[in-house]
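Remarks on the overall topology
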Amino acid sequence: MQINPQAVSLRISAGLLRQFPRDPMPQVAFSGRSNVGKSSLINCLLGRKSLARVSATPGKTITVNFYDVDRKLFLVDLPGYGFAKRSSDSQKQWSRLTEDFFVNNPNRDLVRLVVQLIDARIGPTDDDRLMMDWMRGAGVPFLVVATKCDKLTAPALTAALEQLSQQVSGCMEPPIPFSAVTRMGKDRLWNAMLAAIERGTPQ
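So, a few notes on the structure that sits alongside this text. (Residues numbered from 1 in each chain as written. Predicted model: local features only at pLDDT ≥ 70, side-chain atom pairs only at ≥ 80, totals over all residues. Heavy atoms only, no water.)

The helix and strand tally for the protein chain stands at five helices and seven strands. The linear arrangement of helices and strands in the protein chain, starting from the amino end, is β-β-α-β-β-α-β-α-β-α-β-α. Within the span of the protein chain, comprising 203 residues, buried residues form 49% of the whole. Relative to all contacts within the protein chain whose residues are 6 or more apart in sequence, the contacts with residues 24 or more apart total 75%. Of the roughly 10100 Å² of accessible surface on the protein chain, a fraction of 49% belongs to carbon and sulfur atoms. (Helix = DSSP H or I, 4+ residues; strand = E, 2+ residues; numbered from the N terminus. Buried < 20%, exposed > 50% of the residue type's maximum accessible area, 1.4 Å probe, protein only. Contact = heavy atoms within 4.5 Å. Areas by Shrake-Rupley, 256 points an atom, 1.4 Å probe, with all protein chains shown as cover.)

So, on to the pairing of strand S5 (residues 111–119). For S5, the tally of buried residues reaches nine of nine residues, placing the bulk of the element in the interior. As defined by bridge partners, strand S2 (residues 27–31) adjoins S5 across five bridges and the pair is classed as parallel. Each residue of the ladder has a partner; that of Ser31, found in S5, is Gln116. The pairing of S5 with strand S6 (residues 142–147) spans six bridges and is parallel. Looking at S6, one finds that Val114 is bridged to Phe142. Where the polypeptide runs from S5 across helix H3 (residues 126–138) and back to S6, its parallel neighbour, the crossover connection is right-handed. (Pairing = 2+ DSSP bridges. Right-handed = clockwise from strand over helix to strand, strands pointing away.)

By themselves these figures say nothing about function.
What follows is the structure, given as structure tokens:
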């Protein structure tokens, strides 16, 4: 599949299931805790600076953001989790929206891949583990991306990736090191995403 990542627009920031797009296009979703770097990663992938807004207050916005890429693909930014100061009502909204995306999404059969983001400096949190356990149990294809790799020295990054590889299982491939600053891992992640789309597309 040939995709022009520059031909992109934010289709909708959906706060309700009924707002989810119904276009028959494959979807790649991005999951991770608040402040793990999802918006920066999406901006990097699409060659934009501020298409996906980087919030100064982690966990403030709870929506599922659908980015229409070249009318061939939706990149889906799921709401971040694990923000301790979030109210109970906000936590319920996050849970409902995330469940709606995976369970009630009218195009759930078009979700080709979930990109699970983990901060390379911290490793998987309990919330990350719960998310990956759920995806393994539900048979949702996912891969792990280690974010903020530019903040580690080369030896520390090597050690962090080795440890992360041992801590996660069920991924489609080893964790991908990524930096939105240096663009490390951008091409590798795009290749993995497109390969997952091709595998899931009926011939």
